[in-house]
Amino acid sequence: MSVSIDFGGDSLAGWIQHKSGISVQRCYQCGKCSAGCPASSDMDFAPSVLLRLLQLQNAESDQKVLSSYSIWLCLTCHTCSARCPMEVDLPKVMDVLRAESLRHKLVNKRAKDIVAFHKSFIDTIRNFGRLWEVGLVADYKLRTRHFWQDVVVAPVMLKKGKLSLIPLFHKKFVSRIFSGLRNREERA
Ligand code: SF4
Ligand code: SF4
């Protein structure tokens, strides 16, 4: 089913350039990014194929990109950008694509748990000022209802002192980052 997606009168490729300064038209489809990507074998579209779809600049291919599973599998490892002869910063492109996928409610069904993890991670940082693993896992399990997943490793990690039951707060500095980001979003 095709839905109407609006990028301020631009294509998704134009929107990516506006948001990140990256032109996907620089990609000449050599495929080095896809060949080196550690997640590419599990992706529905390899990284270079995503770029090709974006280069087409039509609504149908834009929608394919935003509803793809690939954008959620990207690990931001930067292997692709290190190999790219045209210096296309694919991880940055992926960041914009994930944000747009969420904004247009086009998240791939298979990515549900990955999105839940992203949200739990950001909320933990926002609420405590740093990562608190126990809070992150509790939040993730509430969102996904995977209550019993990996539960056997918790006592071992607690015993080894890898998990703290009490969070350490470092909120002041991080709050400033989040409010700065919010202001920037409102201005954009
Ligand atoms: S390595 Fe760079 S130029 Fe080659 S396909 Fe990937 S993004 Fe395009
Ligand atoms: S940053 Fe993402 S797309 Fe690039 S190689 Fe790593 S996993 Fe693949």
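Please refer to the structure placed before this passage.
The structure presented is a predicted model; accordingly, all values stated were derived computationally and were not measured.

### Concerning the overall build of the protein chain
Secondary structure summary: the protein chain contains eleven helices and zero strands in total. The principal-axis extents of the C-alpha atoms in the protein chain amount to approximately 55 × 40 × 35 Å. For the protein chain, the residues scored as buried account for 21% of the 188 residues in total. Expressed as a percentage of contacts within the protein chain between residues at least 6 apart in sequence, the contacts between residues at least 24 apart total 65%.

### A look at the site of ligand 2
In the neighbourhood of ligand 2, 15 residues make up the surrounding shell, with C37, C74, C77, T79 and C80 lying closest. The set of elements that each furnish at least two residues to the shell around ligand 2 consists of α6 (79-83) and α7 (90-103). For the shell around ligand 2, the class distribution of residues is eleven nonpolar, four polar and no charged.

### Remarks on the site of ligand 1
Within the structure, ligand 1 sits among 14 residues, and C27, C30, C33, S48 and C84 are positioned closest to it. The set of elements that each furnish at least two residues to the shell around ligand 1 consists of α2 (32-36) and α3 (47-56).

### A word on helix α8 (residues 112-128)
Between its first and last C-alpha atoms α8 spans 24 Å; for 17 residues at 1.5 Å apiece the expected length is 24 Å, and the two agree. Directly beyond the C-terminal end of α8, a positive phi value near 85 degrees is found at G129.

### Describing unusual backbone geometry
Even without being glycine, Q29 reaches a positive phi, approximately 60 degrees. Mapping Q29 onto the fold places it in the loop between α1 (12-20) and α2. Positive phi outside glycine occurs at R145, with the angle close to 65 degrees. On the neighbour-count criterion, R145 (9 C-beta atoms within 10 Å) is exposed.

### Concerning the environment of S34
Tracing the backbone shows S34 in helix α2. The class for S34 is buried, based on 21 C-beta atoms found within 10 Å. Taking the C-alpha atoms as reference, S34 lies 9.8 Å from R83; in sequence the two are 49 residues apart. Excluding anything up to four places from it in sequence, S34 contacts S40, A46, P47 and S48.

### A short note on the nonpolar core
V24, L54 and V65 are the most contacted members of the largest nonpolar core, which has 26 residues in total. Residue assignment for this core shows that the elements contributing at least two residues are α1, α3, α4 (59-66), α5 (70-73) and α7. In contact with L54, not counting residues within four places along its chain, are L12, A13, V24 and V65.

### Brief notes about the packing of α8 against helix α9 (residues 133-144)
Closest axis-to-axis distance for the α8/α9 pair is 9 Å, and the angle between their directions is 140 degrees. Of the possible angle classes, the one that applies to α8 and α9 is oblique. When the axes of α8 and α9 are compared, the crossing they make is right-handed. Here D113, A116, F117, K119, S120, F121, D123, T124 and F128 of α8 lie close against α9, whose contacting residues are G135, L136, D139, Y140, R143 and T144. Among the residues forming the contact of α8 with α9, the class breakdown is six nonpolar, four polar and five charged.

### Examining α3
Taken as a whole, α3 has its buried residues at P47, S48, L50, L51, L53 and L54. Looking at the residues trailing α3, positive phi occurs at Q57, about 50 degrees.

### As for the environment of L73
Counting through the fold element by element, L73 comes out in helix α5. On a C-alpha basis, the gap between L73 and M157 in space is 26 Å, while along the polypeptide they are 84 residues apart. Non-local contacts of L73, meaning those with residues more than four positions away in its chain, are made with A39, D42 and M43.

Parameters at a glance
- Residues numbered from 1 in each chain as written.
- Chains lettered and ligands numbered in written order.
- Predicted model: local features only at pLDDT ≥ 70, side-chain atom pairs only at ≥ 80, totals over all residues.
- Helix = DSSP H or I, 4+ residues; strand = E, 2+ residues; numbered from the N terminus.
- Buried ≥ 20, exposed ≤ 12 C-beta atoms within 10 Å, placed from the backbone.
- Contact = placed C-beta atoms within 7 Å.
- Near = placed C-beta within 6 Å.
- Nonpolar A, V, L, I, M, F, W, Y, C, P; charged D, E, K, R; others polar.
- Expected span 1.5 Å × (residues − 1).
- Core = buried A, V, L, I, M, F, W, Y, C linked by C-beta atoms within 7 Å.
- Axes fitted to C-alpha atoms, helices over the stretch in contact; angles between N-to-C directions.
- Parallel < 35°, antiparallel > 145°, perpendicular 65-115°, else oblique.
- Left-handed = near helix turned anticlockwise from the far one by under 90°.

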